[in-house]
Amino acid sequence: MEKRQLGKTDMHVSVLGFGGAEIGYEGATTATVANLLNSALDAGLNVIDTAECYESSEGLIGQTVSNRRKEFYLFTKVGHPRGVGSEDWSAPSILQSIERSLHRLKTEQVDLVQLHSCSEAVLRKGEATEALRTARERGYTRYIGYSGDSLAAQFAVESGAFDTLQTSINIADQEALELTVPRAHACHMGVIAKRPIANAAWKSGHKPIDSYQHTYWDRLRKLDYEFIRGRALEQSIAQALRFTLSVPGVQVAIVGTKNPERWPENARFLEAGSISPGEFTAIRERWDEIAPRTWVGQT
């Protein structure tokens, strides 16, 4: 699998990374996760991204692949110590949370800790960012980053405080392509794309039951990309993923799944490399034609 240097860090990351939200929220078993993550690592993936609030995700990762820790880069996020819906950006809470994450993940150090979608106001206060610096000084993490979107992400990039930015980038979510990614790239920040296939919101042919996907479903109906209408599902998903990885400055796309067969399949999708300049331009021009300014990045 292709690898790219993550900004100015020393990490050469696989262009495809594993996202740990689904295994936590959907109650995956230890056996399923062991099969899933080992198949991902065997397929050449070397990035695992999770968060403290993804329920059992960190624990499952620690239980199943800590014995292969030297084979992958491990990222986590902080700010929601009691799960989704809770927020605590104080330094004591963040540091305690990171210590808990290290215990769950069965590792002495992670490669990256990210502030998890905190507001611009929290960033301006500075305490949360300083807590990450303290975690780095203590050896809990090698690098620090921000995960989020829109104006808060813009402030994070312009602050110069972070090594990486994780933000939403896909065929239905392109605000970052102008607002944050070019500046992050110019500053040699690593750029991690979340939601890189727009949750494949079109895959069933009808509006998804999960409200989390409704915004992308509605946007894609209006964008009406020809490659979604005119190709088989696997081909359209491959095109969407390759678009995200064709964005200048993007080094890794984080994809979550509970299906172990998905990793060899995704790796095959990427064998063709970036989409052609013409295909990329067509998607961008369609976005510019249809998308109103209210279509901001989805956190």
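Residues numbered from 1 in each chain as written. Predicted model: local features only at pLDDT ≥ 70, side-chain atom pairs only at ≥ 80, totals over all residues. Heavy atoms only, no water.

Asker: Residues and numbers for unusual backbone geometry, please.
Answerer: A positive phi angle is found at histidine 188, which is not glycine, with a value near 65°. We classify histidine 188 as exposed; its relative accessible area is 51%. Non-glycine residue alanine 198 carries a positive phi angle of around 55°. As for its position among the elements, alanine 198 is in the loop between strand 9 (190-194) and helix 10 (214-223). Alanine 198 gets classed as buried once you look at its relative accessible area, which sits at 0%. (Buried < 20%, exposed > 50% of the residue type's maximum accessible area, 1.4 Å probe, protein only. Helix = DSSP H or I, 4+ residues; strand = E, 2+ residues; numbered from the N terminus.)

Asker: If you had to explain the layout of surface pockets to someone new, which residues and values would you point to?
Answerer: The computed volume of the largest pocket comes to approximately 1,200 Å³. Here the residues of the lining of the largest pocket sort into 15 nonpolar, 14 polar and 13 charged. Roughly 310 Å³ of volume is contained in the second largest pocket. As for the second largest pocket, its lining consists of Gln174, Glu175, Glu178, Leu179, Trp287, Asp288, Ala291, Pro292, Arg293, Trp295 and Val296. Among the elements of the structure, helix 8 (176-179) and helix 14 (277-290) are those that each provide at least two residues to the lining of the second largest pocket. Along the lines of polarity and charge, the residues of the lining of the second largest pocket split into six nonpolar, one polar and four charged. (1 Å grid on protein atoms, 1.4 Å probe; cavity = no way out; pocket = protein on both sides within 12 Å on 5 of 7 lines; lining within 4 Å. Points joined across faces, edges and corners; volume = space filled by probe spheres on them. Nonpolar A, V, L, I, M, F, W, Y, C, P; charged D, E, K, R; others polar.)

Asker: A description of the pattern of salt bridges should follow, citing residues and the corresponding values.
Answerer: Tallied over the entire structure, the rule returns 21 salt bridges. Between aspartate 218 and lysine 207 there is a salt bridge; the shortest N-O distance is 3.5 Å. With aspartate 218 in helix 10 and lysine 207 in the loop between strand 9 and helix 10, this residue pair connects regions lying 11 residues apart in the sequence. A residue is classified by how much of its surface remains accessible, and aspartate 218, at 34% relative accessible area, is partly exposed. Look at the salt bridges and you will find they share partners, linking Asp10, Arg69, Asp111 and Arg142 into a network. (Salt bridge = Lys/Arg side-chain N within 4 Å of Asp/Glu carboxyl O.)

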